[in-house]
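# Residue-level structure breakdown
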Amino acid sequence: MAPARYFPNTMPDYEGQETDTQIPQGFLSKFVEKIVEDIEKSLRPMDKNGGDGLYLGTAGVSYMYYHLSKIPAMSEHKHRFLTKSVEYLAPALNAIKNSSQRDISSFILGNAGVYAVAAAIYQAIGDKIQSDNFKKMYREAGSICKDMQFLSCGSDELFVGRAGYVLGALWLSKETNTELPKGDIYALCNTMVESGRKYAHRHRCPCPLMYSYYQVEYLGAAHGLCTILQALLTVPGYLDANPVHAREVKTTIDYLLSLQDSGGNFPCASDEIGARSELVHWCHGAGGMIYLMAKAYLVWNEPKYLKSCEKMAELIWAKGLLKKGPGICHGVAGNGYAFLLLYRLTGKPKHLYRGIAFAKFMQTDEFVKGARTPDYPFSLYEGIAGTACFLGDLMCPQQAVFPFSDV
Ligand code: GSH
């Protein structure tokens, strides 16, 4: 039998004690400081580390520092964190000078994500000229992804496609308190809908909208339908202004909902429907799908979406202590973020308790000795930079956000 992907969760569950949900600020801030120390010792802000965008490159580490600078309980370190965020941004800015046209509007893996983070950081340090410059570059990058098939691998998903660009624009607008260029964003949303319709029609899909990435109809957060629909649901006013699109989006979400298995999980891709899905990650499976169903609940207020989220949370509690590592893409922190989402959504202390328990688990011998070290151990998505964001967010759960995909 294949070795289990997760450590069995033998931690006691929430029992309603007030002490269960006291946020262990000292533990969390020490853990964050340890991560920051490890990163500074082992990952120099040098050009050779600057590529691969927010996902693996120093831009993601720069984002981590920026994110930590906003955690109220760590405000005494704000200046230090912002200084470091600028240092780690520099190699990423150098790396994108040599990028190709196809990378310009890509958010998680390419230039657009670096522009957005740069704009937010320069605004935070009071450099309005630089910040405006990067905001302008971000906006201009959007024109690249206007063409329906601007990428041959698939033009709509989160990492390199339009959903990433759109969610990034929402993040940037919120972060820098600037108006969303609604005309541009609505036009991209229209293209996403049209692209999904065409694909679904051509491939006789059982739902109105479908997409593929490298010929696979992914359903989960990283490359799949889930985050494309989430982007369409999240753009303010878009679905109200386009009732036909709204119906197609809802029908497609309801189709996805019908694929939730009895254990609470979702298939990775449409060619895996019916097979039991083992991936309980943010990138594939319940850990990422929960953001879409939570958003659907907020938009339509139908209990079935919340029920789906609660089923996913139970699954994540049981099978979410992943052996792959501490990261947010396919690691323990990524799954821990799901509890923070549900805590904000329902106010139930159980979810906060579970989030804290996941953080504590990452300091046990069982995890430290038994989990795999990611290929990019300090990165935002695979490594401990994302873990630090999760720990920081546990200190202020009401303002917690999974990076860029939870706006
Ligand atoms: N290179 C990664 C690391 O070192 O952390 C591992 C690759 C990985 O886990 N990829 C994710 C996955 O779900 C998708 S982003 N892989 C398929 C699997 O686990 O079966």
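Structure's up top.
In this report, we go over the structure that sits alongside the text. (Residues numbered from 1 in each chain as written. Predicted model: local features only at pLDDT ≥ 70, side-chain atom pairs only at ≥ 80, totals over all residues. Heavy atoms only, no water.)

The next thing to look at is the nonpolar core. Ile39, Met64, Trp282, Met293, Tyr381 and Phe404 are the most contacted members of the largest nonpolar core, which totals 151 residues. The element that contributes the greatest number of residues to this core is helix H5 (residues 111–124), accounting for ten residues. Setting aside residues no more than four positions away along its own chain, Tyr381 makes contact with Leu54, Tyr55, Ile108, Trp282, Gly327, Ile328, Cys329, Phe402, Pro403 and Phe404. (Core = buried A, V, L, I, M, F, W, Y, C linked by side-chain atoms within 4.5 Å. Buried < 20%, exposed > 50% of the residue type's maximum accessible area, 1.4 Å probe, protein only. Helix = DSSP H or I, 4+ residues; strand = E, 2+ residues; numbered from the N terminus. Contact = heavy atoms within 4.5 Å.)

The next point concerns helix H6 (residues 128–141). End to end, H6 covers 20 Å across 14 residues, agreeing with the expected 20 Å (1.5 Å per residue, within 8%). For H6, every residue scored as buried is listed here: Ser131, Phe134, Lys135, Tyr138 and Ala141. Looking straight down H6, one finds its buried side chains confined to an arc of 120°; they lie on one side. Set apart from the buried face of H6 by more than 90 degrees, the exposed residues are Lys128, Ile129 and Lys136. In this structure, the buried residues of H6 make contact with helix H4 (78–95), H5 and helix H7 (162–176). (Expected span 1.5 Å × (residues − 1). Arc of directions from axis to C-beta.)

If you check the shell around the ligand, you find 13 residues, and the closest are Arg5, Lys324, His330, Arg372 and Asp375. At 3.2 Å from an oxygen atom of the ligand is found a side-chain nitrogen or oxygen belonging to His281. Lys324 is positioned with one of its side-chain polar atoms (N or O) 2.5 Å from an oxygen atom of the ligand. Relative to its unbound accessible surface of 510 Å², the ligand loses 71% to contact with the protein. (Near = heavy atom within 4 Å. Polar contact = N/O pair within 3.5 Å; in protein donor to acceptor, adjacent residues only side chain to side chain. Areas by Shrake-Rupley, 256 points an atom, 1.4 Å probe, with all protein chains shown as cover.)

Now for the side chain of Thr191. Of note, Thr191 is situated in helix H8 (residues 182–202). The exposure class of Thr191 is buried, given its relative accessible area of 14%. Looking at Thr191, its side chain comes within polar contact range of the main-chain oxygen of Ala187, at 2.9 Å. Among residues more than four places away in sequence, those in contact with Thr191 are Lys146, Met148 and Arg162.

Let us look at the environment of Val117. With respect to the helices, strands and loops of the structure, Val117 is situated in helix H5. On the basis of relative accessible area, Val117 is assigned to the buried category, the value being 0%. Spatially, the C-alpha atoms of Val117 and Gln215 are 31 Å apart, while their sequence positions differ by 98 residues. Each residue touching Val117, except ones within four places of it in the same chain, is listed here: Leu54, Ala59, Ser62, Tyr63, Trp171 and Phe404.

Let us now look at the packing of H5 against H6. Contact geometry for H5 and H6: axes closest at 8 Å, N-to-C directions at 155°. When the interaxial angle is binned, H5 and H6 end up roughly antiparallel. The crossing of H5 and H6 is left-handed. Residues Ala112, Tyr115, Ala116, Ala118, Ala119, Tyr122 and Gln123 of H5 form the contact with H6, whose participating residues are Gln130, Ser131, Phe134, Lys135, Met137, Tyr138 and Ala141. Of the residues that constitute the contact of H5 with H6, the class distribution is ten nonpolar, three polar and one charged. (Axes fitted to C-alpha atoms, helices over the stretch in contact; angles between N-to-C directions. Parallel < 35°, antiparallel > 145°, perpendicular 65-115°, else oblique. Left-handed = near helix turned anticlockwise from the far one by under 90°. Nonpolar A, V, L, I, M, F, W, Y, C, P; charged D, E, K, R; others polar.)

Among the secondary structure elements, Thr21 is positioned in the segment before helix H1 (25–42). Take Thr21: its relative accessible area is 19%, and that puts it in the buried class. Thr21 has contacts with Tyr14, Pro349, Leu352, Tyr353 and Ile356, leaving out every residue within four places of it along the chain.

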